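Each chain is listed here by its residues.
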Amino acid sequence: MALAAAGCARAPREKILPYVSQPPEVTPGVPSHYATALLREGYAVGAVVESHEGRPTKIEGNPDHPMSLGGTGIAEQAAILDLYDRDRGAHLTERGSVVAWEVMRSALSFSSDDRGNGLWIVLPPTTSPLTHDLVDRVRGRFPQCTVVHCSPLAPLNTFAGARLAFGDVVETHVDFAAADVVLALDSNFLTEGPAALRSARRFAERRRPRRATDSMSRLWAIEPLPTVTGTAADHRLRVKRSEIARIAQSLLAATLAKTRGDTATAADPFASIPGSQRDFLRVLADDLFVARGRVAVVVGEAQPPIVHAIAHALNELLGAVGNVVSRSASPLVGADDHGSSLAALAEALEGNAVTTLLVLGQNPVYSCAPELDLARNMAKVPRSLYLGSHANETAAACRFYVPLAHALETWGEARAIDGTLTVQQPLRAPLDAARTIDELLFAASAGFEETMSAHDLVRASRKDGWRDELDERWRRSLRRGVVEDSAFPPVTRTVDADRIDRLLHADLPPPEAGLELVLHPDAKVQDGTSTNNAWLLELPDPVTKLTWDNAALLSRATAARLGVADGDLVRIATSAGTLEAPVLVGHGVADDVVALALGWGRRGTESLADGVGVNAYALASAASPWSLHADVTKTGGRRALAIAQETTRLEGRDDAILVHATLDDFRARPDLVKSTNERKRSLYVLPNASARQWGMVVDLAACTGCSACVVACQAENNVPVVGRAGVAKGREMHWLRIDRYYDGDGDDVRALSEPMLCQHCEKAPCEYVCPVNATTHSADGMNQMIYNRCVGTRFCSNNCAWKVRRFNWFDYQIGPDAPDPRVHNPDVTVRERGVMEKCTYCVQRVRRAERDATLAGRPLRDHDVKTACEQACPSAAIVFGDIGDAKTDVSVARTSPRLFAVLGELGTEPHTRYLAKISNPNGRLR
Amino acid sequence: MTSAVLLENAPDRELTEALLRPVMAPPKWLGKAILVFGVASLLLFALVGYTITTGVGVWGNDIPNAWAFAITNFVWWIGIGHAGTFISAFLLLLEQKWRASINRFAEAMTLFAIVQAGLFPLLHMGRPWFFYWLVPYPSTMEVWPQFRSSLTWDVAAITTYLTVSLLFWYMGLLPDLALLRDRAPTLRKRRIYGVFALGWDGSMKTWSRYRVAYGLVAGIATPLVVSVHSVVSMDFSIAMLPGWHSPIFPPYFVAGAIFSGFAMVLTLMIPARRIYGLEAFITEKHLDLMGRMLVATSLIVAYAYVVESFSAWLGGDPFERHVYLRARPLGPYHVAYWTVIVCNCIVPQALWWKRLRTSPLALFVVSLFVQLGMWLERFMLIVSSLTHDRLPSSWLAYRPSVVDAGILCGTIFFFLFLFLCFLRWIPFVPISEMKSLAREERAAEGS
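These numbers come from a predicted model, not from an experiment.

What counts and what doesn't
- Residues numbered from 1 in each chain as written.
- Chains lettered and ligands numbered in written order.
- Predicted model: local features only at pLDDT ≥ 70, side-chain atom pairs only at ≥ 80, totals over all residues.
- Heavy atoms only, no water.
- Helix = DSSP H or I, 4+ residues; strand = E, 2+ residues; numbered from the N terminus.
- Rg over C-alpha atoms; globule rule 2.2 N^0.38 Å.
- Buried < 20%, exposed > 50% of the residue type's maximum accessible area, 1.4 Å probe, protein only.
- Contact = heavy atoms within 4.5 Å.
- Buried area = accessible area lost by both parts, 1.4 Å probe.
- Salt bridge = Lys/Arg side-chain N within 4 Å of Asp/Glu carboxyl O.
- Pairing = 2+ DSSP bridges.
- Axes fitted to C-alpha atoms, helices over the stretch in contact; angles between N-to-C directions.
- Parallel < 35°, antiparallel > 145°, perpendicular 65-115°, else oblique.
- Left-handed = near helix turned anticlockwise from the far one by under 90°.
- Nonpolar A, V, L, I, M, F, W, Y, C, P; charged D, E, K, R; others polar.
- Phe/Tyr/Trp six-rings, centres within 6.5 Å; stacked < 30°, edge-to-face > 60°.
- Lys NZ or Arg CZ within 6 Å of the ring centre and 35° of its normal.
- Polar contact = N/O pair within 3.5 Å; in protein donor to acceptor, adjacent residues only side chain to side chain.
- Core = buried A, V, L, I, M, F, W, Y, C linked by side-chain atoms within 4.5 Å.
- pLDDT = per-residue confidence, 0-100.
- Disulfide = S-S within 2.5 Å.

**Here we look at the overall build of chain B**
No. 1: Broken down by element type, chain B carries 15 helices and 0 strands.
No. 2: For 447 residues, the compact-globule estimate of 2.2 N^0.38 gives 22 Å, and chain B sits close to it at 23 Å.
No. 3: Summarising its shape, the C-alpha atoms of chain B cover approximately 70 × 55 × 40 Å along the three principal directions.
No. 4: Here chain B, with 447 residues, has 61% of them falling under the buried criterion.

Encoded structure:
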C-alpha cells in the first residue's frame, strides 16, 4: 500500500497552470544547447551543454573554443554527474548546523576601520578577469590581507622554469601538428593540462597516414610511469623522475655540440648517463637535430624548474620557436607572484596570526602536505569560512560552510591558456544557498555588508570593456562561447647564450639512489576535487585498467625484488608520512619507482569517495610534492583490486584483433591488412536493407586510449554504474570499453589500445540466437536492442565474439546507490533489471537528425549525426556516418589501406571497422 | 537368457504380495526421510524466490560467463532423464524383457529429473515472468518467438518430453493403481487410488486397448530419446563460440545423456534393491546389462572427446585450437577437465570385468563417478568455452556464488524428496508387467 501510494503521487492541491505562451527557447522534447566553459586548473575549456526543458544532461566540447576544438576529456564528460551529486552541500552551515546568511554576515562582518590584518583568502588558480578585479577590490578595501592561490596541480614548476629561462612568466604553446619529432619529458600532454584537448587533436593529425607514403610525426617519451602520452609514444624510456634532469641536461649538451658543429671534439655529452640509456639518447638527440625547426620538447609540471628551462633552451636551439612553439602572457591571476603559498598560511596559522580565513574552493585540508597540519590549525581560526562543492575535509575545519555553485550554475569569466575569454553562463539556478567564488569575493570586499549576484558582477565587469556594445557583444559571446579576438598576442622570449651556458653547467641534485615515490595526478579524478563521481570511479584507468582504487604501481622487476604481487598491501614510508596501499604490477613503470595517484583516500561527507583508495598527499612534503625517497615493505595483508581487464596479451591473435605495424613495415607491405575486408560471398540476401547504412571507423593510429569516449557514452546513454564488487565480478556496463593489450616482453612493452563497442554486424550472431526477437536489425544497418521484449536469456552475449553486450544483473538505476535520475538523457530508455543492452550507435541522435532533416525538407548531410564517442574524442579518431554513400567521410575512411575488421574472418560483415595502428619508431633503435 | 530375469517365479498372488509390500508396509524411516528432504527442498524454493525478487545477479555469472551453473544443471538433469525413456520405450520396442522390473523406476526418475531441469531455463532468464514469450502463442501484438533460435526449439523439446514422459509413466501405472485401489486397507486410500486409477476395470477389452495405446506412446517417446538431447546440444552448437560450435554435439550429447541416466538409475536402484530386498526381481542380470550400457556409452563419450579435440587441431582455427588444446586441459578449469576424463573415460572401464559389473557396490561407486564426471563435463564445456572467447580482453574466470551452489543442492534434495514420495505411495516395480512376465516364463518352462 505504501509503495502504491508513493508511486502514484497525487496532483498538488493548489491550482497550477500550463504555459499559455510558451517561452521561445523551450520546446518540450527538443533540447537546447548553451555554450559555456568548464575549468581545468582555472583555465577555460569551452563546452556546449545540452539541456532538456531546463535540465542539463550532457556536456560536449565547443568547436569554436581553441582549447576544445569540439573535443572533451574525461573530466568534462563526467562534470554533468557532479551537478546532480546527492552529496553536494545544499545549505549554509555553521559547524554543521544550518544557519541563515545573516548569521554568517554578522559573524564575519568587519569594522569600518579594519585594514585586513589577519585576513587570509585562499583561492584556486583562476584566469577570470572578474575575479582578478574582485581580488584587487578586496585588497583595496583590506590592504593588509593576504591572498593565497593554491592548487595541488598549479603550474608552479612550469612558471618557475619560464622565469629561469626568460626572467618572467609566459605560457608556452605547442602546435603538435607542425612537429615532426616531439620529446615529452615526464609530460602527459595528451590528457593533462589546460591545452590537452587541443594538443591531442593537433598531435593526432600527424599520426594517421592515409597512404603508406604519408609522413608521420615521431613521439619520444621519457617518464617514470606509463601515461596515456607515454603509451602512445614511438619510443619510451622508463627512468626515475629524478633522473630526467640529468638526461635533459645531456640532451642540451649534445644539441649544443651539434649546432656548433663540434661533435667530434667535444666530450661525450652522455658520459654521465647509465650505459643502458645512452643509445636511446644518442638516437634521440640525432632525431631532434635532424628534424630541427619541426621539433618540440615538452616537460611535465612534476619536473623541477631547471628541466623546464632546459626545454625552453632546447626548443630555441632546435629552431622550434616560431614554427612549432609560441609564447604568450599567462592569463592566470597572480601567475607572477606565487610567493604566498599554503606554507606561509600554515606558518601564520601556527603563529595565531590569522583572524579571518576565507577558503574559496579547492580542498586544502585534504591536499596539503601533512607537515602543514592545516586541519588542526585552521580549526583555531575564530572566523573561518569554506566555500566548496561538498562539506568535505576543509569544511570540517572551518566555522562556516557555504555551498559552491557548480560550473553549470555559474555566471563567471574564464580565459583559455591562450587568453581566449569565455563568459560562463549557468544552465540552471544554483541550489538554495550556493554561491560562486566571485559572489563571495564581492561580499568579502564589502566586509560582508552587501552582496551582488554573479550575473550582475559579470555584466558589470563586461560593461567596463564593452561599453556601448555591451548587449550586442554579450549576446554574441554567450552564443559562441568565446569572446572574439580575446586571445593574447604572442610574445617573443629568447633564452640567451649566458643562460643556456648556466643551464648546461648547473649542478643538479643526484638522482634518487633508492626507491623513488612518484606522485601523479590521477587520470580520472585528477587532484581529488571530483572523486565523488561514480562514472570516474568506475572508469577503468586508461593505462592500468584499475577501477575504484588507486594502487602503488611497481615495475615487474621491482615487484619481484620486493616479493609482492597484485593486491598485496605494502607500507610506503617517506619523510612526510606513511601509508598502506595495495600493489599493482604495471607494465612500463621505471625500476625502483613506486607510483601512486593523487586524488583518492578522501574522508568526508562524500559517500562514494569516502575511504576509496589511499590519500597519496599524506606522503608528500610541501618542498617536494612530486617525488621523494620512499621505503616500501610488504605488510602481508591483501586488498583485492577491481581490474577491468585481466588478460593483457593478444595471444598471437594480432592479425585477427588488432592489426599494428611500424611505418617502415607499412611502407614495405602496404597490403599489411589481410583479406578481412572482402565481403564474403553468400547465399543469403540481406532483407529490407535500405540505401543508407550506418557505420563507423575507429582509427587506432589516432586513438590514445584516453577513455573520454567511455564516459561520453555513459553520459549519453544512461549507462549504469555497478560498483567495485560489480567490476570485480566482470559486470561492467560500459557500452564502449577500451581494450588495452601489451606488445613485447617484460617491462618495456608497447601498449595498444582499441575501443571496443558493438560492431553492428550485418549478419549479427546475436540476432539469430535470441528466442524472442529482442535484438534485430534495422533497415539502415544497425543492430538494435528492444529492451521491452528482452527476457534476458543472455544467449546473445554468449554468441557475441566481441563480448560487447551488457546485462542488467540487478536494478542498477533504482535504489539509494543509483544516480539522481535527473542526470538521465530523456531520449534514451533507462533499462530495468534482467535485460541486455549494448551500443546503439546513439540511435536517438540518428533518429533526431533524420527528423530534423525531414522537417527542414533537406537530405541528411554527412556529420549531421555524431555519436557521443565520436563527438567527445579529443583526437578525432572516430568517424561515423553513412557507409552506403561513397562520399561521406566514413566511406572515405573505409577505402584506407589500413582498414580492417576485428574478427573479420567470421564473415559477420561488421559495420564498425578499424584502421590499423601504425607507429613510427626510428629504425636505428631495435 | 530369460530365465535369469526373474529369480523366483512365484504364483501371481505371492508376486502381488511381495511387490505391494513397499507401499502397504513401508519401512518405518521412510516417512522421516521424506520429511527431511521435504524441509531441505525449502532451500531450493527460498533461493528461487531470492533470485526472482533480487535479480539473477545473485548468481556468479558475469560477462563473458553469461551461462554457467544454471545451464550446466539443466543439461545434467535433462540428461539424467534420458535413461528412463530409453529403458521404458526404446527397450520396450526392442522387446528387451529384462527392462520390466526397472522401467517404472527409471521413468519416475526421468519425470522428476525433468522437473528439476525445467526449472533452470526459466530461472536463468533475466525476467522469468515473461517466460511465455518463448512459447508460440497467438499474441495480440502478433509477435512470435524467433524460430531460428535453438532456445525456442528447446522449449518445444522440453515441454514435449515432459508431457510424453508423464503420460507414459502414468499409463504404465494405471493397472497397478487399480490394484492398489482394490487392495488399499482404508476407504480414504481406496478413494484416492480410485480417482487416479481412472476407472480401470481390468477387462479384456480394457487390457487390449491399453496395450495398443501403451505401445503407441512408447513409439512416440522413442524418438525423444534422440531428439531432446540433440536439441539441447544445439543450444551450444548453433552458437559460433569456439568450443560450442561443433556438429558432433547431438550424438555426443545423446550418448552422454544415456550414460548419465543409466548411472543415475544405478545410483537410485542399488540402495532401493537392497533396502526392499528385491534381489529376486532386480537381478544380477540387470546389473550386468546396465554395466555394459555404461561401458558402451562411456566409450562413445570418450570417442567424442577425442574427435572434438582432434578436429579442432585438424581444422587449424587458432581460436578453436586454443579452447580445446589449451584452455580446457591447461586453463583455469583444468582440474575439471581432467576429472571429467578420469570419471567418464577411465573409471567406467573397470566394468569390463564381470565381477565388478555384477557387484552392487562397485557399480554404485562407478555410477557416482559418472554423475560427477557428467556434471563437470557440461560445466567445463559451457564455462571453459565462454571464459576464453576470441578477444583476450574479455577473458574472465567464473566463480559460482553460494546461491548457485545452494540451488544445485536444492534440486538434488527436491529430486530425492519426489523420489522418496514415489517409493512410498506407488509400487515402483510394475506389478502387472512382472506378473505377465512370470506367466510368460512359466509358459516357456511348461512347453
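**Concerning the interface of chain B and chain A**
No. 1: On the side of chain A, 55 residues touch chain B, which itself brings 54 residues to the contact.
No. 2: Around 4500 Å² of area is buried between chain B and chain A when both sides are counted, 56% of it from carbon and sulfur atoms.
No. 3: Of all residues in chain B, the largest losses of buried area upon contact with chain A belong to Ile63, Arg127 and Leu391 of chain B, amounting jointly to 16% of the total for that side.
No. 4: Remark: the boundary between chain B and chain A carries 3 salt bridges.
No. 5: The partner of Glu651 of chain A in a salt bridge is Arg326 of chain B, with the nearest N and O atoms 3.3 Å apart.

**Brief notes about the pairing of strand E29 (residues 694-699) of chain A**
All names here are of chain A.
No. 1: Counting buried positions along E29 gives 6 out of 6 residues, so the element sits mostly inside the fold.
No. 2: By the alternation rule, side chains of E29 split into Trp694, Met696 and Val698 and Gly695, Val697 and Asp699, which are all buried.
No. 3: Bridge count for E29 against strand E36 (residues 878-882) is 5 bridges, and the pairing is antiparallel. Across the sheet, the residue bridging to Trp694 is Asp882, located in E36.
No. 4: In terms of strand pairing, E29 meets strand E38 (residues 912-915) through 4 bridges, oriented parallel.

**Remarks on the sheet that holds strand E1 (residues 32-40) of chain A**
All names here are of chain A.
No. 1: With antiparallel pairing, the 3 strands of this open sheet are ordered in space as E1-E2-E3. Two strands in the sheet have a free side with no partner beyond their single neighbour: E1 and strand E3 (55-61). On average, adjacent strands in this sheet sit at an angle of 35° to one another, irrespective of strand direction.
No. 2: Bridge count between strand E2 (residues 43-52) and E3: 6 bridges; the pairing is antiparallel. Each residue of the ladder has a partner; that of Val48, found in E3, is Glu60.
No. 3: Relative to the sheet, helix H2 (residues 74-83) contacts E1, E2 and E3, its axis offset from that of E3 by approximately 165°.

**Here's the deal with the packing of helix H8 (residues 244-260) of chain A against helix H9 (residues 275-290) of chain A**
Axes are the key here: two packed helices are described by the angle between their axes and the distance separating the axes.
All names here are of chain A.
No. 1: Between H8 and H9, whose axes approach to 10 Å, the crossing angle comes to 45°. Judged by the angle between their axes, H8 and H9 are oblique. When you trace H8 past H9, the crossing you get is right-handed. Residue-level inspection shows Ile247, Ser250, Leu251, Ala254, Lys258 and Thr259 of H8 in contact with H9, the latter providing Gln277, Leu281, Leu284, Ala285, Asp286 and Phe289.
No. 2: Class assignment for the residues of the contact of H8 with H9 results in 7 nonpolar, 3 polar and 2 charged.

**Section: the packing of aromatic side chains**
To describe a pair of aromatic rings, one takes the distance between the centres and the angle between the planes.
No. 1: Counted under the stated rule, the structure contains 54 aromatic pairs over all chains.
No. 2: Considering the side-chain rings of Tyr841 of chain A and Phe880 of chain A, the 5.0 Å spacing of their centres and the 70° angle between planes classify their relative orientation as edge-to-face. Placement of Tyr841 of chain A in the loop between strand E35 (836-837) and helix H27 (843-856) and of Phe880 of chain A in strand E36 is noted, with a sequence separation of 39 residues between them. A single burial state applies to Tyr841 of chain A and to Phe880 of chain A, both of which are buried.
No. 3: With a centroid separation of 6.3 Å and 80° between ring planes, the pair formed by Tyr132 of chain B and Trp133 of chain B is classed as edge-to-face.
No. 4: Given a relative accessible area of 34%, Tyr132 of chain B falls into the partly exposed group.
No. 5: An aromatic cluster is built from Trp76, Trp77, Phe105, Phe112, Trp169, Tyr276, Phe415, Phe419, Phe422 and Phe428 of chain B, whose rings are joined through pairwise contacts.
No. 6: Against the face of Phe807 of chain A rests Arg794 of chain A, its NZ or CZ located 4.9 Å from the ring centre.

**Considerations on the side chain of Arg236 of chain A**
Residue and element names in this part refer to chain A.
No. 1: With respect to the element layout, Arg236 can be found in strand E11 (residues 235-238).
No. 2: Among the residues examined, Arg236 registers a relative accessible area of 18% and is labelled buried.
No. 3: Reaching out from Arg236, the side chain makes a polar contact with the backbone oxygen of Leu225 at a distance of 3.4 Å.
No. 4: Polar side-chain contacts of Arg236 include one of 2.6 Å to the backbone oxygen of Gly588.
No. 5: If near-sequence neighbours (up to four positions away) are discounted, Arg236 is found in contact with Ala221, Glu223, Leu225, Pro226, Gly230, Thr231, Phe280 and Gly588.

**A few points about the nonpolar core**
No. 1: Residues Trp802 of chain A together with Phe236 and Trp244 of chain B are the most contacted members of the largest nonpolar core, which totals 250 residues.
No. 2: The greatest single-element share of this core, amounting to 16 residues, is contributed by helix H8 (residues 249-275) of chain B.
No. 3: Excluding residues that lie within four positions of it along the chain, Trp244 of chain B makes contacts with Phe795 and Asn798 of chain A together with Trp67, Asp235, Phe236, Ser237, Ala239, Phe249, Leu381, Ile382, Ser385 and Leu386 of chain B.
No. 4: Formed by 63 residues, the second largest nonpolar core is a distinct cluster that contains Trp220, Ala232, Leu288 and Leu318 of chain A.

**Thoughts on the confidence of the model for chain A**
No. 1: Summary statistics for chain A give a mean pLDDT of 89 and a share of 96% for residues scoring 70 or more.
No. 2: Per-residue pLDDT stays below 50 along residues 1-9 of chain A; that stretch engages in 0 contacts with residues further than four places along the chain or on separate chains.

**Remarks on the state of the cysteines**
Residue and element names in this part refer to chain A.
No. 1: Following the criterion strictly, the structure yields 0 disulfides over all chains and no others.
No. 2: Free of any disulfide, Cys709 has its nearest neighbouring cysteine sulfur in Cys706, separated by 6.2 Å.
No. 3: Since its relative accessible area comes to 7%, Cys709 is described here as buried.

**Here's the deal with the sheet that holds strand E9 (residues 181-185) of chain A**
Residues and elements named next belong to chain A.
No. 1: What the 4 strands build is an open sheet, ordered E11-E10-E9-E12; its pairing is parallel. The outermost strands of the open sheet, each flanked by one partner alone, are E11 and strand E12 (295-299). Neighbour-to-neighbour, the strand axes of the sheet open up by a mean angle of 10°, direction not taken into account.
No. 2: With 5 bridges connecting them, E9 and strand E10 (residues 218-223) associate as parallel partners. Paired with Leu185 across the two strands is Ile222, which belongs to E10.
No. 3: Helix-sheet contacts for helix H10 (residues 305-317) involve E9 and E12, and the interaxial angle to E12 is about 175°.

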